[in-house]
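# Inside the fold
Each chain is listed here by its residues.
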Amino acid sequence: MEKLVIKGGNQLKGALRISSSKNAAMPLMAATLLASGVTTLRNIPRLRDIATLSHVLRIAGAGVSLEDHTMQVDTTRISFPEAPYELVKKMRASFYMLGALVGRCGQARVSLPGGCAWGPRPVNLHLEGMKALGAAIDLEDGYVVATTPKSGLPGGSIRLEPSSVGATINILLAAATARGTSRIENAAIEPDVLIFCKMLQAMGARLQGVGTRTLEVEGVPALRTVTFSNCPDRIELGTFMIAAAIAGRPGEPVRLTHANPDHLGNDFLEAFERTGAGYRILESEVVVTPPEMLRPVSITTGVYPRFPTDLQAQWTVLLTQCPGQSTVQDTVYGDRFNHIPELARMGVEATVRGDTVAVQGGLTLRGAHVMSTDLRASVSLVLAGMVAHGTTHIGRIYHLDRGYERLEEKLSGCGIDIVRVQYDEFAAPAVG
Ligand code: EPZ
């Protein structure tokens, strides 16, 4: 296995390039199934989750290649409308195959994802959405089996409560090639959904209301292949803004290039500014100037454009660097706090009550052996390691590799002492 070893206390300086978005790339990859032929996707990050979804597409019969961040998906022959448990359990976004295969083949057999690292994460809205469009849904041996009438999927309406990124995408995948018109109310408007909608439109989908909470799609018999470009990763941008604020030299700007700050939403940008960390936006660059002293700013996560749940673990680490008490409340995933016991090993004082963590800021963090539990929890440990006294060893970083491209290379290129090393997690400690 691999771990990251970080010697804390070095300052982050220079420029970091933001990679392309993981969570936007995955629905774009699923959408390729709706057209027969070769689709080209530009700016696809090299990540474990992308490799997993490529594998899922190949099982269905697609040819997938990724070179220099350009992906080509050949969907000429889609012969096996199935997504197996072995892959779906590794990565929930494989569940996009449900809508994509229904849209392409009129049938799908996709493993139910089960729980995730921090809680149940239901898919009831995905299934209700398929039923509302006119698909029959059965559960067989842990698999969702979707079938559609011989004459095609009729289409229909659904209101999502709560608004869901994944359900909006899955329902659109199935509805774009339905016989009739479909409507989604309280649809997600996260940037990842928007870029996906734009790709569907470029492929010929008759989709109205993009960017609003009501989407209407009039089905067409098939979509056409396109060449389409993905957007920058907003969560990586937020993560690096936090890294710059806590680990940069006060007054010395850190540049984050190839970014799209609009995708972060107002809540994050306002909260960031209130900490005293300055930022300027120069076209596709965000320049962060760390302050002498950060101010504590409590946050509450919500759906876009509110504060992203995918940045709350990192924000918790920022709050440890501010004097005073503050809170992080997650209303999207009220139990996404697996990072707290690991951070506690480094001296963080934080108490979880319900969906809220109370953080005591201003304490000195100390390096320790800690373990990644999920993607964003892992990166919060990296941030903590950067500001801790001493050395931090972060185990099980396969979680981190799901969503951060070349993280240690990027950070070490900007002054952070961080290396990736092999280790044996089950080795017995030395005696004496
Ligand atoms: C997406 O997950 C992201 N994943 C998550 O990113 C992110 O945390 C989440 O959106 C929220 O922004 C991808 O894009 C691949 P949801 P998704 O459906 O689509 C409830 C990361 O670290 N809900 O928008 O699964 C759900 O429990 C991650 O990159 C239902 O009740 O999230 C939650 O409270 C992990 N029933 C809320 O909706 C459903 O059927 C929003 O979840 C579906 C969701």
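Let us look at the structure shown here. Here the structure is a predicted model, which is why all the values come from computation and not from measurement.

This next bit is on the overall build of the protein chain. Within the protein chain, the regular secondary structure consists of 13 helices and 24 strands. Against the 2.2 N^0.38 benchmark of 22 Å for 432 residues, the protein chain shows a C-alpha radius of gyration of 22 Å, consistent with a compact globule. Each principal axis of the C-alpha distribution contributes one length, and for the protein chain these read about 70 × 50 × 45 Å. Counting every position in the protein chain, which comprises 432 residues, the buried fraction comes to 56%. Taking the contacts inside the protein chain whose residues are at least 6 apart along the sequence as the reference set, 74% of them involve residues at least 24 apart. By element, 48% of the accessible surface of the protein chain is carried by carbon and sulfur atoms, the whole surface being about 17200 Å². Averaging the locations of the 42 positively and 41 negatively charged side chains of the protein chain gives two centres separated by 2 Å.

Summed over the entire model, instances satisfying the criterion amount to 0 disulfides. Here Cys-197 stays free of any disulfide, with the sulfur of Cys-231 as its closest cysteine sulfur at 12 Å. Judged by relative accessible area, which is 1%, Cys-197 ranks as buried.

For the rest of this paragraph, the subject is the site of the ligand. Of all residues adjacent to the ligand, which total 23 residues, the nearest are Asn-124, Ser-164, Val-165, Asp-310 and Val-332. Leu-125 places a polar main-chain atom, nitrogen or oxygen, 2.7 Å from an oxygen atom of the ligand. Side-chain polar atom of Arg-376 to an oxygen atom of the ligand: 2.8 Å apart, as the coordinates give it. When isolated, the ligand has an accessible area of 840 Å², and the protein chains bury 86% of it.

Counting across every chain of the model gives 17 salt bridges. A salt bridge links Glu-425 to Arg-396; the shortest N-O distance between them is 2.4 Å. Here Arg-396 lies in the loop between strand 23 (391-395) and helix 13 (407-412) and Glu-425 lies in the segment after strand 24 (417-422), a separation of 29 residues in the sequence. The class of Arg-396 is partly exposed, set by a relative accessible area of 25%. When the shortest N-O distance is used, the salt bridge between Asp-401 and Arg-420 registers 2.8 Å. Remark: Arg-420 occurs in strand 24 and Asp-401 occurs in the loop between strand 23 and helix 13; sequence separation between them is 19 residues. One salt-bridge network, in which partners are shared between bridges, spans Arg-159, Glu-161, Arg-183, Glu-185 and Glu-216.

In a packed pair of helices, the relevant descriptors are the angle between the two axes and the axis-to-axis distance. Their axes nearest at 10 Å, the elements helix 6 (residues 165-175) and helix 7 (residues 191-202) cross at an angle of 10°. In terms of orientation, helix 6 lies roughly parallel with respect to helix 7. Listed contacts from helix 7 to Val-165, Thr-168, Ile-169, Leu-172 and Leu-173 of helix 6 are Val-193, Phe-196, Cys-197 and Leu-200. Here the contact of helix 6 with helix 7 is composed, by residue class, of 8 nonpolar, 1 polar and no charged.

Residues Glu-161 and Pro-162 are joined by a peptide bond in cis, for which omega reads 5°. Turning to its location among the elements, Pro-162 is positioned in the loop between strand 10 (157-159) and helix 6. In this chain, Tyr-304 is followed by Pro-305 through a cis amide linkage whose omega measures 10°. Structurally, Pro-305 is set in the loop between strand 18 (299-301) and helix 10 (312-320). Although it is not a glycine, His-258 sits at a positive phi angle of roughly 55°. Mapped onto the elements, His-258 comes out in the loop between strand 15 (254-257) and helix 9 (266-274). In this structure His-258 comes out as partly exposed when scored by relative accessible area, which is 37%. Unlike most non-glycine residues, Arg-396 shows phi in positive territory, near 55°.

The buried fraction of helix 12 (residues 375-387) is high, at 13 of 13 residues. Among the residues of helix 12, the N-terminal cap falls to Asp-374, whose side-chain oxygen and the backbone nitrogen of Arg-376 are separated by 3.2 Å.

Turning to the packing of aromatic side chains, a few remarks are in order. Applying the stated criterion across every chain yields a total of 5 aromatic pairs. Ring geometry for Phe-268 against Trp-315: centres 5.7 Å apart, planes inclined by 70°, an arrangement best described as edge-to-face. Highlighted residues: Phe-268 in helix 9 and Trp-315 in helix 10, separated in sequence by 47 residues. The same class applies to Phe-268 and to Trp-315, which are both buried. The interplanar angle of 75° and the centroid separation of 5.3 Å between the aromatic rings of Phe-307 and Trp-315 together place this pair among those described as edge-to-face. Given the relative accessible area of 0%, Trp-315 is considered buried. Here the aromatic cluster, defined as three or more aromatic residues joined through ring pairs, consists of Phe-268, Phe-272, Tyr-279, Phe-307 and Trp-315.

Strand order across the open sheet formed by 4 strands is 10-11-13-12, with mixed pairing between neighbours. Of all the strands in the sheet, the pair left with one neighbour each is strand 10 and strand 12 (206-208). Taken pair by pair, the neighbouring strands of this sheet meet at an average axis angle of 10°, ignoring direction. Relative to strand 11 (residues 181-185), strand 10 runs parallel, the two sharing 3 bridges. If you follow Arg-159 over to strand 11, its bridge partner there is Glu-185.

Turning our eyes to something else, we now look at the pairing of strand 20 (residues 349-353). Two elements, strand 20 and strand 21 (residues 356-361), share 5 bridges in a ladder whose sense is antiparallel. Looking across to strand 21, one finds that Glu-349 is bridged to Gln-360. Hairpin connection between strand 20 and strand 21: a loop of 2 residues separates the two successive antiparallel strands, and Gly-354 in this loop has a positive phi of roughly 60°.

Reading the values: rules and limits
Residues numbered from 1 in each chain as written. Predicted model: local features only at pLDDT ≥ 70, side-chain atom pairs only at ≥ 80, totals over all residues. Heavy atoms only, no water. Helix = DSSP H or I, 4+ residues; strand = E, 2+ residues; numbered from the N terminus. Rg over C-alpha atoms; globule rule 2.2 N^0.38 Å. Buried < 20%, exposed > 50% of the residue type's maximum accessible area, 1.4 Å probe, protein only. Contact = heavy atoms within 4.5 Å. Areas by Shrake-Rupley, 256 points an atom, 1.4 Å probe, with all protein chains shown as cover. Lys, Arg positive; Asp, Glu negative; His and termini not counted. Charge placed at Lys NZ, Arg CZ, Asp CG, Glu CD. Disulfide = S-S within 2.5 Å. Near = heavy atom within 4 Å. Polar contact = N/O pair within 3.5 Å; in protein donor to acceptor, adjacent residues only side chain to side chain. Salt bridge = Lys/Arg side-chain N within 4 Å of Asp/Glu carboxyl O. Axes fitted to C-alpha atoms, helices over the stretch in contact; angles between N-to-C directions. Parallel < 35°, antiparallel > 145°, perpendicular 65-115°, else oblique. Nonpolar A, V, L, I, M, F, W, Y, C, P; charged D, E, K, R; others polar. Phe/Tyr/Trp six-rings, centres within 6.5 Å; stacked < 30°, edge-to-face > 60°. Pairing = 2+ DSSP bridges.

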